[in-house]
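What the coordinates show
Each chain, letter by letter, is given below.
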Amino acid sequence: MSYSLIRYSIVPIIISLVILYLCCFIPANDIPEVSFDFFIPMDKIVHFCMYLGLSGATAINYIHGERGFVNTRKLLIVAFLLPIFYGGLIEVLQHYFFPPRAGDWYDFLADALGSLTALPIAFQYKNYLRKKHI
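Residues numbered from 1 in each chain as written. Predicted model: local features only at pLDDT ≥ 70, side-chain atom pairs only at ≥ 80, totals over all residues. Heavy atoms only, no water.

**Points about the pattern of salt bridges**
Test applied: We define a salt bridge as a side-chain nitrogen of Lys or Arg found within 4 Å of a carboxyl oxygen belonging to Asp or Glu. Think of it this way: any DSSP run of H or I at least four residues long counts as a helix, any run of E at least two long counts as a strand, and we number them from the N terminus. Partly exposed describes any residue whose relative accessible area lies between the buried limit of under 20% and the exposed limit of over 50%, with all areas from a 1.4 Å probe on protein chains only and scaled to the type maximum.
Enumeration according to the criterion identifies three salt bridges in this entry. The salt bridge partner of D43 is K44, with a shortest N-O separation of 2.8 Å. Linking D104 and K44 is a salt bridge whose minimum nitrogen-to-oxygen distance equals 2.8 Å. Note that D104 is positioned in the loop between α3 (72-97) and α4 (105-132) and K44 in helix α2 (residues 42-65), a separation of 60 residues in sequence. A residue is classified by how much of its surface remains accessible, and D104, at 24% relative accessible area, is partly exposed. When salt bridges that share partners are traced, they join D43, K44, D104 and D107 into one network.

Here is the structure:
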């Protein structure tokens, strides 16, 4: 395994494992209730933030390591499509293997929106680094 693969992967792997733990291994009754009323359920905001962080950290880690000169296709696949797929996989795992947890399409939607929200931030960072290193 190459050093660069490890260097780009360690932060996203740690974040992914934390997400897996939070979404699958904590019993549903141990999740704290938030009494704050908001027009979007708080658990969807948490899902959004987790995947914004996962995609953002993955993208920034890769872009920074390459000083902005990245393969855009690879960036889109690794930093955005894989986290969205991962969010869907976790929802399926919750539904079939971690009762009483249940898979939720709205959780998956929040995951995908969080990942996609990191996309413009990543491209701005990529452009900034490219200009800085030219």
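**Some details on the packing of aromatic side chains**
For the record, the criterion: Under the pairing criterion, centres of Phe, Tyr and Trp rings, with the six-membered ring standing for Trp, must be within 6.5 Å; the plane angle then separates stacked pairs below 30 degrees from edge-to-face pairs above 60, leaving the rest tilted.
This model, assessed by the stated rule, comprises three aromatic pairs. Seen from their ring centres, F25 and F98 are 5.1 Å apart, and the 85° between their planes marks the pair as edge-to-face. Of the two residues, F25 sits in helix α1 (residues 3-25) while F98 sits in the loop between α3 and α4, which places them 73 residues apart along the sequence. According to the relative accessible area criterion, F25 is partly exposed, its value standing at 49%. Taking the centre distance of 6.2 Å and the plane angle of 80° together, the rings of W105 and F108 count as edge-to-face.

**Topic: the packing of α2 against α3**
The condition is simple: Axes here refer to lines fitted to C-alpha atoms; in helices the fit is confined to the stretch in contact. Angles between the N-to-C directions go from 0 to 180 degrees. In what follows, roughly perpendicular refers to angles from 65 to 115 degrees, roughly parallel to angles under 35, roughly antiparallel to angles over 145, and oblique to any angle outside these ranges. In a left-handed crossing the near helix is turned counterclockwise from the far helix by less than a right angle, and in a right-handed crossing that turn is clockwise. Contact definition: two residues touch when any of their heavy atoms are within 4.5 Å. Note that Gly is not counted as nonpolar here; it falls among the polar residues with everything else outside the nonpolar set of Ala, Val, Leu, Ile, Met, Phe, Trp, Tyr, Cys and Pro and the charged set of Asp, Glu, Lys and Arg.
Where α2 contacts α3, the two axes come as close as 9 Å, and the packing angle between them is 150°. In terms of their interaxial angle, α2 and α3 are classed as roughly antiparallel. Of the two elements, α2 crosses α3, and the hand of that crossing is right-handed. Residues H47, Y51, L54, S55, T58, A59, Y62 and I63 of α2 pack against K74, L75, V78, A79, F80, P83, Y86, G87, I90 and E91 of α3. In the contact of α2 with α3, the residues fall into 12 nonpolar, four polar and two charged.

Worth remembering: the numbers are spatial, not functional.
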